[in-house]
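The primary structure of each chain is shown beneath.
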Amino acid sequence: TKDYGKVEEWYQKAADHCEINEYEYELANLYYDGDEMPQNYTKAIEYYTKAIEIGKDKDYVRYSQIQLGKMYRNGEGVTKDDKKAFEYFTKALEHDEYDEFFEAQHFLGVMYKNGEGVPKNNKKAFELFTKSVDEGEGSEYENLSEVQRLLGNMYHYGYGVKKDLKKAKEWYEKAANDEFEDGEE
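Report follows, based on the coordinates.

Cut-offs used in this document
- Residues numbered from 1 in each chain as written.
- Predicted model: local features only at pLDDT ≥ 70, side-chain atom pairs only at ≥ 80, totals over all residues.
- Heavy atoms only, no water.
- Helix = DSSP H or I, 4+ residues; strand = E, 2+ residues; numbered from the N terminus.
- Contact = heavy atoms within 4.5 Å.
- Lys, Arg positive; Asp, Glu negative; His and termini not counted.
- Charge placed at Lys NZ, Arg CZ, Asp CG, Glu CD.
- Salt bridge = Lys/Arg side-chain N within 4 Å of Asp/Glu carboxyl O.
- Buried < 20%, exposed > 50% of the residue type's maximum accessible area, 1.4 Å probe, protein only.
- Core = buried A, V, L, I, M, F, W, Y, C linked by side-chain atoms within 4.5 Å.
- Polar contact = N/O pair within 3.5 Å; in protein donor to acceptor, adjacent residues only side chain to side chain.
- Phe/Tyr/Trp six-rings, centres within 6.5 Å; stacked < 30°, edge-to-face > 60°.
- Expected span 1.5 Å × (residues − 1).

Counting its secondary structure elements, the protein contains nine helices and zero strands. Going from N to C terminus, the protein has its helices and strands arranged as α-α-α-α-α-α-α-α-α. Taking the principal axes of the C-alpha coordinates as reference, the protein spans close to 55 × 40 × 30 Å. Across the protein, every contact between residues at least 6 apart in sequence was considered, and the portion connecting residues at least 24 apart equals 46%. Each charge class in the protein can be summarised by its mean position, and for the 26 positive and 42 negative side chains these summaries are 8 Å apart.

This part is about the pattern of salt bridges. For the structure on display, the rule yields seven salt bridges. Residue E116 is joined to R73 by a salt bridge in which the shortest nitrogen-to-oxygen separation is 3.0 Å. Of this pair, E116 sits in the loop between helix 6 (102-114) and helix 7 (122-136) while R73 sits in helix 4 (residues 58-74), and the two are 43 residues apart along the sequence. Both residues of the pair, E116 and R73, count as buried.

If you look at the biggest cluster of nonpolar residues, it comprises 45 residues, and the most contacted ones within it are Y48, F89 and F129. Listing elements by their share of this core, those giving two or more residues are helix 2 (22-33), helix 3 (41-54), helix 4, helix 5 (82-94), helix 6, helix 7, helix 8 (144-157) and helix 9 (165-184). The element contributing the most residues to this core is helix 6, with seven residues.

The next thing to look at is the side chain of S132. Turning to its location among the elements, S132 is positioned in helix 7. Within the structure, the side chain of S132 is placed 2.9 Å from the backbone oxygen of F102, a separation counted as a polar contact.

Scanning the entire structure with this criterion turns up 12 aromatic pairs. For the pair Y32 and Y41, a centre-to-centre distance of 5.5 Å together with 45 degrees between the ring planes defines the contact as tilted. We classify Y32 as buried; its relative accessible area is 14%. Considering the side-chain rings of F89 and F107, the 5.2 Å spacing of their centres and the 10 degrees angle between planes classify their relative orientation as stacked. You can see F89 sitting in helix 5 and its partner F107 sitting in helix 6, a full 18 residues away along the chain. Accessibility expressed as a relative area gives 11% for F107, which makes it buried.

To continue, consider helix 3. Along its 14 residues, helix 3 runs 20 Å from first to last C-alpha, staying within 8% of the 20 Å computed at 1.5 Å per residue. Backbone nitrogen of T42 and a side-chain oxygen of the N-cap are separated by 3.1 Å at the start of helix 3; the cap is N40. Looking one or two places after helix 3, you find G55, whose phi comes out positive at around 65 degrees.

Attention shifts here to the environment of G77. Summarising the element assignment, G77 is placed in the loop between helix 4 and helix 5. Along the backbone, G77 and Y41 are 36 residues apart, and their C-alpha atoms lie at a distance of 4.8 Å.

In short, geometric facts, not functional conclusions.
Quick look at the structure:
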């Protein structure tokens with residue numbers, strides 16, 4: 001049998017010894033995913049929050065902010081709170097000098113598009129989707145085809161951009177091709 005308390009204990013020892021936030025983030029993921037340990041959103045929130053508070057490695061701060069944003073947006077272990085989700089996604093992008101956090105851009109775009117926790121703004125949603133796709137192409141981002149489909153919708157219906165059925169078709173085809181390629185792996 002697995003001793004989950006020992007897993008947490010050893011991660012915490014490593015975290016205490018190294019004084020970086022990677023171990024808090026990884027432990028939070030273990031609790032969030034529930035693959036290696038029993039799923040526990042309360043513990044996941046605790047450790048994502050610790051990773052942010054420690055703040056040594058800014059990437060792990062941003063990863064933790066994105067995860068907390070998703071948890072608040074979906075009501076996982078907390079009361080669903082779109083405003084708080086929006087705040088976490090926004091914070092994740094504040095110091096993103098390498099434009100690597102296309103997942104936060106994706107979720108913020110959806111929130112602007114749907115008016116979740118922020119006034120509806122299709123133009124801003126379109127900008128965020130475009131940036132997310134531009135920066136996410138060639139990466140391992142698992143939701144890239146979803147963002148491409150959303151861009152197709154924006155062009156198809158003229159949301160935040162001039163209606164352009166030709167461009168809509170191009171984005172729909174990219175999304176379908178990426179989805180097909182993902183399925184082949």
